[in-house]
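In case you want the letters, here they are:
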Amino acid sequence: MEGVLTRLRGVEESDAPLLHAWDNDPEIRAALDVVFPVTISSTTEYIREITGSRDGVLFIVSDRETEAPIGFTTLYDIDWIARKAEFGIIIGDKRYWSRGYGTDAALATLSFAFEDLGLHRVYLSTYSYHPRAIRVCEKCGFVREGVMRKARYHHGAYHDVVLMGILYDEFAAHRGRPP
Ligand SMILES: CC(C)(COP(=O)(O)OP(=O)(O)OC[C@H]1O[C@@H](n2cnc3c(N)ncnc32)[C@H](O)[C@@H]1OP(=O)(O)O)[C@@H](O)C(=O)NCCC(=O)NCCS
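Residues numbered from 1 in each chain as written. Predicted model: local features only at pLDDT ≥ 70, side-chain atom pairs only at ≥ 80, totals over all residues.

Peer 1: Which residues make up the sheet that holds strand β7 (residues 157-167), and what are the values?
Peer 2: Pairing is mixed in the open sheet, where 7 strands are placed in the order β1-β2-β3-β4-β5-β7-β6. In this open sheet, the two strands that pair with only one neighbour each are β1 (6-10) and β6 (143-154). For this sheet, the mean angle separating the axes of adjacent strands, direction not counted, is 30°. (Pairing = 2+ DSSP bridges. Helix = DSSP H or I, 4+ residues; strand = E, 2+ residues; numbered from the N terminus. Axes fitted to C-alpha atoms, helices over the stretch in contact; angles between N-to-C directions.)

Peer 1: How would you sum up the site of the ligand? Please name residues and give values.
Peer 2: Taken together, 21 residues lie around the ligand, and Ala31, Gly102, Thr103, Pro131 and Arg135 are the ones closest in. Of all the secondary structure elements, the ones that give two or more residues to the shell around the ligand are β4 (84-91), α4 (101-116), β5 (121-127) and α5 (131-140). The element that contributes the greatest number of residues to the shell around the ligand is α5, accounting for 5 residues. (Near = placed C-beta within 6 Å.)

Peer 1: Help me get a handle on the nonpolar core, residues and values and all.
Peer 2: In terms of nonpolar packing, the biggest core is built from 36 residues, with Phe59, Val61, Phe72, Leu110 and Cys140 touching the most fellow members. Looking at this core, the elements that each hand over two or more residues are α1 (16-23), β2 (57-63), β3 (69-79), β4, α4, α5 and β7. Here Phe72 is in contact with Val11, Leu19, Leu58, Phe59, Ile60, Val61 and Ile90, once residues within four sequence places are set aside. (Core = buried A, V, L, I, M, F, W, Y, C linked by C-beta atoms within 7 Å. Buried ≥ 20, exposed ≤ 12 C-beta atoms within 10 Å, placed from the backbone. Contact = placed C-beta atoms within 7 Å.)

Peer 1: Can you lay out α1 for me, pointing to particular residues and giving the numbers?
Peer 2: Counting along an α-helix, one turn takes 3.6 residues, and residues three or four places apart therefore face a common direction. Listing the buried residues of α1 in full gives Leu19, Trp22 and Asp23. Summarising the axial view, the buried residues of α1 lie within an arc of 95°, below the 170-degree limit, and thus occupy one face. Buried residues belonging to α1 abut α2 (26-29), α3 (40-51), β3 and β4. (Arc of directions from axis to C-beta.)

Peer 1: Tell me about unusual backbone geometry, and please be specific about residues and values.
Peer 2: Excluding glycine, residues mostly have negative phi values, and the peptide bonds linking residues are mostly trans. A positive phi angle is found at Ser98, which is not glycine, with a value near 65°. Structurally, Ser98 is set in the loop between β4 and α4. For Ser98, a count of 10 C-beta atoms within 10 Å corresponds to the exposed category. Non-glycine residue Lys150 carries a positive phi angle of around 50°. Structurally, Lys150 is set in strand β6.

Peer 1: Outline the packing of α4 against α5, listing residues and values.
Peer 2: Contact pair α4 / α5: the axes reach a minimum separation of 9 Å and the direction vectors enclose 50°. Relative to α5, the element α4 is oriented oblique. You can see that α4 and α5 cross each other, and the crossing is right-handed. In contact with Gly102, Thr103, Ala106, Leu107 and Leu110 of α4, α5 contributes Val136, Lys139 and Cys140. Here the contact of α4 with α5 is built from residues that sort into 5 nonpolar, 2 polar and 1 charged. (Parallel < 35°, antiparallel > 145°, perpendicular 65-115°, else oblique. Left-handed = near helix turned anticlockwise from the far one by under 90°. Nonpolar A, V, L, I, M, F, W, Y, C, P; charged D, E, K, R; others polar.)

From the geometry alone we can't say anything about function, so treat these as descriptive.
This is how it looks when you write it as structure tokens:
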């Protein structure tokens, strides 16, 4: 799968050290629903589980120009009856932030979700203190669907959890494709 700036490929067990480093970066962890440290063995186990399952997919995101791995995207908890999945993204190499790579990788992953897997809905939750993630979702065509008030505890305070989702028709319209 390719975007304009990024390329997506399947994750390998040998990618575990990269994922492990990104998942333990404090600035990145603030955006994630993790509290305990992530170990290299739990990361390896997670890669094994997701690559052996049909209920989720994990892509390594590379810079298309240099092939350098810069992050990952995932579709997980795929529900083949309701044809929906939850979306996750980390651009772990922070030198790439605010240069369009996150949006590009998200759009490539949504293309895969809707056009290859035939899903009908993709959704995620993020935090009210994370406008960058909300902006990326808006740029991809996600709609703000609701708020879970004060459902996130972080750095000694409660914060709202923002629920966002996109349906196939909205994605197609956003991309200028026939629905
Ligand atoms: C969130 C993340 C994927 C964004 O990646 P990115 O490569 O920086 O995204 P893009 O460059 O495509 O877009 C970032 C947008 O946020 C905007 N932005 C950045 N900081 C912002 C802020 N404080 N307030 C509002 N908008 C902000 C940028 O201006 C840009 O929007 P624009 O193109 O309209 O100017 C990346 O920062 C990341 O991986 N963060 C850690 C993990 C994470 O948050 N994952 C998502 C959890 S839901």
